[in-house]
Structures are given as structure tokens and as C-alpha cells.
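# A closer look at the structure
Spelled out, the chains give:
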Amino acid sequence: MSDDPSVHVEVLRNAQNIQIREQKNVIIHGNVNQNISTSDQATLIELLQPILDASHTRDREKSPPNSACFPGTRIAVIHKIAAWVDSTLLRNTHVLWLYGFVGCGKSAIALAIALKFERRKRLVGSFFFFRNTGDRSKMIKFAVTLACQLAAAIPEAAPFIEQAVKAEPGLRASSVVAQLRRLVYEPFKAAARRGRLIKTALLKGPFLMVIDGLDECDDRQEVQGFIDDMLEFFKKNPLVPLRFLITSRIEQHIEGHLKNKQVRLENLINHCSRDDIDTFMCTCFEAEKRRNPVIRAYIQNHGDWPTKKDKDLLVDHIDGSFIFASALFKYIIDPTDDRSTPMDRLPHTLHMNPGLDTLYIKTLSRSQHLPHFFNIISTLALLFEPLPITGIAELLGIECFEVVRVLLNLQATIHIPGTDDSPVTVCHTSLRDFLTTQSRSGPLFAPSSFHYYLIIRCCDLKTEVRIGSAVIASYIRRHLENHLDAAYTHVLAKSQDLPHFSNIISIITLLSLPIAGIVPVDLLGTEAPDSRAFTSLQSIIDSPGIIEGRPVIIGYTPGLYDFLTSEALSETFFVSPSYHLRISYYCFNLRLERMENHRLRSSVDHQSLKYWHEFVRDHLEPSLHHQESGYRFLKLLKVPSETGQLPYPPDRCPSGLLNPRNPNDDSFGFHPTLISDFTLKEAYSLCEWLVARVQLKANFAEPKPSVTCDLELRITRDDVKNTGCITI
């Protein structure tokens with residue numbers, strides 16, 4: 001089947017300050033005329049605000065990866081994938097996952113497939129993820145970007161997309177799963193019922209979406225949700241003429257969801273041909289021989305270069321990695337190295353360890369002695385979005401020529417743009433992985449602590465009367481919080497193995513106000529507090545040690561609080577709201593111990609009891625009193641409930657502490673008078689009652705007849721501590 005003439009599917013690439021007025025474009029598609037209003041397209045762009053440089057049509061020099069298949073290579077694997085796309089839905093899967101190691105050419109193949117099916121007018125969208133490139137490394141605009149491309153490629157889908165956006169004003173703030181359903185899957189399904197698309201699918205084959213570098217996306221949970229929902233959609237709609245080509249490295253959160261009978265798996269290592277590498281190297285060397293007068297002069301006196309033996313050894317050494325082949329070739333012919341010739345450097349490459357680390361060390365060490373090298377290379381590794389040379393210089397407070405001087409020697413691994421205003425990008429994400437892994441990069445390591453320096457520089461620039469460029473001002477506005485989050489993660493990771501770390505950081509985070517005289521170790525009941533955790537956290541809390549009568553509060557407020565209470569941001573350091581229950585127990589326990597031992601400290605006793613009262617008021621009482629409140633306490637404990645009732649009726653509760661709202665149902669509330677003045681016996685009994693029920697409900701167990709909480713049954717404090725039932 002011959003390819004149709006080239007037709008670009010893109011959404012106003014690199015558009016700035018555009019104005020689109022009403023006009024009609026008539027697009028001839030076979031025997032069908034499609035009237036498309038460009039004002040409608042502009043309306044969709046305005047409504048959805050897609051990423052304009054995420055598709056296969058982007059300027060790859062400015063928006064990496066800058067990967068394309070070398071002419072005459074990858075023919076077999078491209079043919080195999082194209083045959084899968086063209087096959088009928090009844091005989092094949094809707095999804096193909098092309099996976100492989102770093103630098104084996106996944107992005108280049110994805111680009112080749114996208115271009116091939118764009119020419120065939122069957123590409124409906126493409127998205128090329130790339131780490132540390134702002135929104136292109138996240139899921140936040142994934143769905144809206146594909147939706148805009150879908151509307152441009154299939155005009156019949158545009159009305160359904162626009163209708164969904166206008167009908168649901170909050171759709172852009174919804175989950176990526178909801179956005180894909182309403183803006184991509186359902187509009188395509190509705191448009192596919194039209195005559196033109198049915199005819200195209202029957203005569204030529206299904207339509208295609210290309211998703212490259214899924215492992216480059218930082219939002220792992222959203223990636224898993226996208227995969228699961230996509231497969232569920234195709235399971236329910238097996239005849240929808242749409243296919244997805246997904247490429248990525250093998251990562252657990254992707255592999256665990258794509259290794260599915262609904263997905264065709266292709267390991268690119270099985271398609272890495274030695275002949276392809278040989279073709280690439282031969283062509284590159286021939287071009288360089290024509291260009292380089294030093295090589296031509298050498299050949300006149302010594303014969304052909306490289307010799308067939310050396311070239312074969314080099315191809316074998318590369319072992320199928322195109323990124324390694326490209327980087328090695330750049331290193332060999334590097335025009336900036338005047339201390340040696342390509343003929344001198346070729347033998348050295350044959351002794352480099354296979355892989356990229358040795359090459360990265362060799363290349364980066366050439367600039368290591370220059371001023372500002374460490375700051376420049378660490379900045380490139382840790383930026384959340386590429387900056388131009390002028391932006392890097394302004395951020396670091398140095399001159400542009402100093403940045404250029406360092407980067408000139410690194411062109412084998414870093415793409416240096418032709419102007420100071422275009423972004424500096426790494427040739428491959430593996431360089432960033434190398435620089436941020438100390439065991440690999442050694443003295444070239446870019447530590448997470450460097451985020452502190454970038455934060456200080458960003459804050460200094462913000463406080464200046466005028467920031468020099470709009471680029472750096474935009475970067476600070478968009479990514480200062482990202483650097484703060486990275487700094488928090490660095491500090492917390494260093495402290496996480498210290499005694500009481502989790503409890504200390506949770507208590508500090510959730511205390512609504514600093515409690516003078518009550519620091520976390522008091523609440524934990526440790527007689528000889530270990531202050532190492534406080535010392536290690538001194539950069540994010542304002543008290544590095546335990547000082548009597550001094551409150552312990554968060555230093556970066558509210559940033560750290562927002563970070564620790566957002567599971568998506570903090571991940572393993574997430575402080576769940578359910579920890580309020582443990583804090584309330586600690587406060588309660590602290591008061592009871594001092595009452596029993598007759599060691600009351602007025603300020604401590606008052607503050608701990610105050611927290612318990614606030615906890616009852618804010619988390620228990622409203623949820624037990626008001627059904628319309630959504631039963632906040634049950635939600636706090638993450639316990640599913642259809643009725644919102646706790647499992648025990650009022651007559652099984654401690655006598656006199658609870659007041660039934662209605663004798664005919666199980667709802668109840670606290671006596672208001674008792675909240676303000678618990679006796680020792682009543683308070684201890686109520687705590688036991690709550691703990692017993694939380695334990696039962698957390699284990700999803702039915703109430704056992706042997707477990708009662710009346711005043712005759714005494715559960716010791718040690719029993720309560722040892723159950724671990726407070727941990728939700």
C-alpha cells in the first residue's frame with residue numbers, strides 16, 4: 001500500500017500572540033468535503049490549552065528527544081509494527097507495547113511510525129514524554145493535548161469534544177482517566193460511527209495514537225490509571241477502530257499493567273540488528289571524511305580510515321545501542337578537541353566499557369577544571385524545564401560566555417543551540433540519570449542538596465526589583481515549588497531511618513498550632529528522647545533540638561505542610577489525616593499518666609486536653625451527629641461504610657458517656673457536658689472503647705461477643721499500646 005501525500009497533524013506549533021478570525025477551510029478528503037471553521041479550532045485550543053510541542057511535529061532541536069531512524073535502518077521492526085496497525089481488529093490487540101533498554105531507538109521508531117501513518121491519514125494523535133521538560137513530563141495536559149490533535153485529524157470528533165468541555169466546566173481539573181474518557185475515547189467512538197471513518201477503517205485499517213517514553217512521565221499513579229482505563233475501554237468496545245502504540249523502558253509500574261493478554265509485547269532487543277549499526281557508522285564516517293580535511297590528509301598518506309577491522313570492532317563494541325553509537329561517533333570526531341585527532345580517539349573508544357557511563361565520564365571530565373562547571377552541570381541535571389544559555393547564566397549569577405565555555409566541550413552528550421535564547425537540552429535522559437546517581441557518576445554527581453542553592457537563587461531573583469528576562473521569571477513562577485518539594489524529599493530521605501522519624505514528622509505536621517511544652521517525644525512517651533531526627537530535620541523545622549517550653553513548628557509553611565499532606569507529592573513520606581487519631585491517643589495517654597501519678601503540669605495537661613477536645617469536636621462529633629456531613633470520622637479512618645454507623649450500638653458503649661440521638665437507631669453523640677470535663681475513669685473507658693472499635697473496623701471484622709467495653713471490662717494501657725490498632 002503506497003503512502004498518501006504528507007499531511008501534518010499539529011495544533012498551531014510554536015504559536016505565539018495569535019489572532020484567528022472567522023474563516024472557512026474546505027478540506028478534500030477522498031470524495032467527502034469537510035467544512036472546518038478555524039475559529040472553532042481556536043476555541044478548542046483556548047478551552048483545552050494543550051501542549052503545543054509534545055507531538056511528532058515538534059521542533060526536535062528545541063524539544064527533545066531528537067531521535068530519528070537513520071535512512072536504511074529499522075526497516076524490519078517498522079514493517080512489523082505497521083502490519084499490526086493495519087491488521088483487522090478481530091485478529092489482533094488494540095495496544096502494542098514496544099520496550100527496551102536505554103538508547104536502543106524506541107523514540108526514533110515511534111517517530112517513524114507516526115510519520116508513516118500521518119501520511120496515510122490515519123494518525124489521530126501523538127505524545128512524546130521527556131523528563132524534566134515541564135508539562136511534557138507530567139500527565140496534567142496529556143488528555144487535552146491528544147484531544148486537540150484528535151479534533152484536527154478527525155473533524156467529526158471536534159463537536160463532541162467541544163460539547164464535553166462546555167457541559168462540564170470542571171473537566172480540565174478532573175483526573176486524567178476522566179479527561180481521556182470524555183475528550184478522547186468517547187468522541188472518537190462517536191465519530192467512528194460516521195460513514196467516512198467506517199469506510200477508512202474497513203478499507204485501510206484502524207486509526208493510531210502514538211505514546212512515546214511513558215517511563216519519562218513523573219506521575220506514576222496517573223500512568224497506571226491511564227493504562228488500566230484504556231484497556232478497560234477496549235475490553236468493553238472491542239470494535240472501536242483505534243490502536244495505541246506505547247514505547248517505554250521496562251519499569252515496574254508500567255510492566256505490571258501492560259503485561260496483559262490485551263497487549264501485544266515487542267522487545268526491541270530482538271530487533272536490534274548489527275547491520276543497522278554498521279550502516280549507521282559507515283554512512284557517518286563517509287560523510288565526515290568528505291567534510292574533514294584532517295581525515296582526508298591522513299587517508300592520502302595511510303590509506304582508508306577507519307580500517308574495516310577497526311570499524312567491525314567498533315560495531316561489535318556498540319552492541320546494538322543507537323544512542324551509544326551516536327555518542328561514540330560524536331566523541332571520535334569532536335571538532336572542539338584540539339589536543340587529539342579522530343584517528344587518536346578511535347582506539348580509545350574500543351576500550352571503553354560497553355554502555356554510556358564511561359563515555360559520559362570521558363566527555364564531562366574535559367570541562368571539569370573550568371570555573372562554574374559543577375554548578376552548570378548540576379543545574380542541567382536538576383532543572384524541571386530546559387533553560388537557554390541566558391537563563392542558566394541569570395539563574396546562577398554568571399556570564400553567558402562562562403556557560404558556553406563549559407558546554408562547548410560537552411557536545412557529544414549535550415545539545416547546544418545555535419542561539420543563546422534557545423533551550424539547552426541533553427541528548428538523552430540517561431545523562432540526567434547518570435549525573436543524579438552517585439554510584440555511577442562519582443565526583444561528577446549532582447546531589448539533591450543542590451536544589452537548596454537553586455531555591456536561594458530563585459528567591460534572590462524574585463526579591464530583586466527587576467528580573468532580567470521573562471524566561472527566568474516564568475521558570476521561577478512555575479517551578480520554585482518543585483525545587484522546594486525536591487529539597488523536602490532530600491532532607492526527609494536522609495532522616496527516615498532515625499528513631500521515631502515517622503511519628504515525629506507526622507505530629508509536627510498535623511498539630512494545628514505549636515503546643516508549648518509538648519514536643520513529639522513527650523507525646524510518644526520516650527523518657528530519654530533521641531534528638532538525632534530533630535537535628536537532621538533542622539533545615540525544615542525551626543527547632544533543631546528539644547528545648548523545654550519552646551514550640552516545634554514547620555520552617556517552610558505552608559509549603560512543607562502541603563507537601564507532606566499530599567500523597568502524590570510526598571509518596572512514602574505522606575502524612576495521613578488518620579494520624580490525628582494517634583495524636584489524640586498520645587495526648588489522652590499523657591494526661592492520664594500524669595493524673596495517675598499525681599504529676600500534673602498545668603501547661604502540658606491543659607494543652608494535651610485541649611488537643612483531645614479539638615479532635616473530638618472536629619473529627620468525631622460532627623461525623624457521629626450529622627449524616628449530611630459525610631461521616632468525616634469514618635472517612636478519616638478510611639473505613640468503607642454504607643450506613644455511616646460504627647459497628648456497636650449505644651448500649652454497648654461506656655455507660656453514661658454517649659447519648660443516643662434516637663432510641664430506634666444506632667446513631668449517637670457525646671454528652672456536651674462530658675466533653676469539657678472527663679473524669680479519669682470515664683476518659684480511660686472512652687479511649688478503650690474508641691480503640692476497640694477502630695481495631696475491629698480497620699480489620700473489617702464483625703463484632704465478637706467476647707469483646708465488650710463496659711465499665712466492668714478493663715483493658716490495660718499496655719494492651720492498648722501493643723495492639724497497634726491506632727495505626728490506620
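Everything numeric in this text was worked out from a predicted model, so none of it was measured.

## A word on the layout of surface pockets
It is a probe the size of a water molecule, rolled over the atoms, that shows where empty space is left. Taken as a whole, the largest pocket holds about 1800 Å³ of empty space. Considering the residues around the largest pocket, the lining is formed by 50 residues, among which Lys138, Asp218, Phe384, Leu569 and Glu571 are closest to the centre. At the level of elements, helix 6 (176–191), helix 8 (220–236), helix 16 (373–382), helix 19 (429–435), helix 22 (470–495) and helix 27 (567–570) are the ones that each hand at least two residues to the lining of the largest pocket. No other element matches helix 22, which puts nine residues into the lining of the largest pocket. Of the residues in the lining of the largest pocket, the class split is 14 nonpolar, 17 polar and 19 charged.

## Regarding the packing of helix 16 against helix 17 (residues 389–396)
Between helix 16 and helix 17, the shortest axis-to-axis distance is 11 Å and the interhelical angle comes to 115°. Here helix 16 runs over helix 17; the crossing is right-handed. Across the interface between the two elements, Asn375, Ile376, Thr379 and Leu380 of helix 16 pack against Ile392, Leu395 and Leu396 of helix 17.

## Here we look at the side chain of Thr145
Topologically, Thr145 is positioned in helix 4 (residues 142–153). The class of Thr145 is buried, set by a relative accessible area of 1%. At a separation of 3.0 Å, a polar atom in the side chain of Thr145 contacts the main-chain amide nitrogen of Ile51. Looking at Thr145, its side chain comes within polar contact range of the main-chain oxygen of Lys141, at 2.6 Å.

## Some details on the pairing of strand 3 (residues 95–99)
Two faces make up the sheet, and in a regular strand the side chains alternate between them. The element strand 3 is extensively covered by neighbouring structure, given that five of its five residues are classed as buried. Of the two faces of strand 3, both are covered, the one formed by Val95, Trp97 and Tyr99 as well as the one formed by Leu96 and Leu98. As paired elements, strand 3 and strand 6 (residues 242–248) share five bridges and run parallel to each other. Directly across from Trp97, in strand 6, lies its bridge partner Ile246.

## Re helix 3 (residues 106–119)
For helix 3, which comprises 14 residues, the first-to-last C-alpha distance of 20 Å matches the rise-based estimate of 20 Å (1.5 Å per residue) to within 8%. Every buried residue of helix 3 is accounted for by Lys106, Ser107, Ala108, Ile109, Ala110, Leu111, Ala112, Ile113, Ala114, Lys116, Phe117 and Glu118. Lining the buried residues of helix 3 we find helix 2 (75–86), strand 3, strand 4 (123–128), strand 5 (207–212) and strand 6. Count one or two residues on from helix 3 and you reach Lys121, which has phi positive near 60°.

Criteria and thresholds
- Residues numbered from 1 in each chain as written.
- Predicted model: local features only at pLDDT ≥ 70, side-chain atom pairs only at ≥ 80, totals over all residues.
- Heavy atoms only, no water.
- 1 Å grid on protein atoms, 1.4 Å probe; cavity = no way out; pocket = protein on both sides within 12 Å on 5 of 7 lines; lining within 4 Å.
- Points joined across faces, edges and corners; volume = space filled by probe spheres on them.
- Helix = DSSP H or I, 4+ residues; strand = E, 2+ residues; numbered from the N terminus.
- Nonpolar A, V, L, I, M, F, W, Y, C, P; charged D, E, K, R; others polar.
- Axes fitted to C-alpha atoms, helices over the stretch in contact; angles between N-to-C directions.
- Left-handed = near helix turned anticlockwise from the far one by under 90°.
- Contact = heavy atoms within 4.5 Å.
- Buried < 20%, exposed > 50% of the residue type's maximum accessible area, 1.4 Å probe, protein only.
- Polar contact = N/O pair within 3.5 Å; in protein donor to acceptor, adjacent residues only side chain to side chain.
- Pairing = 2+ DSSP bridges.
- Expected span 1.5 Å × (residues − 1).

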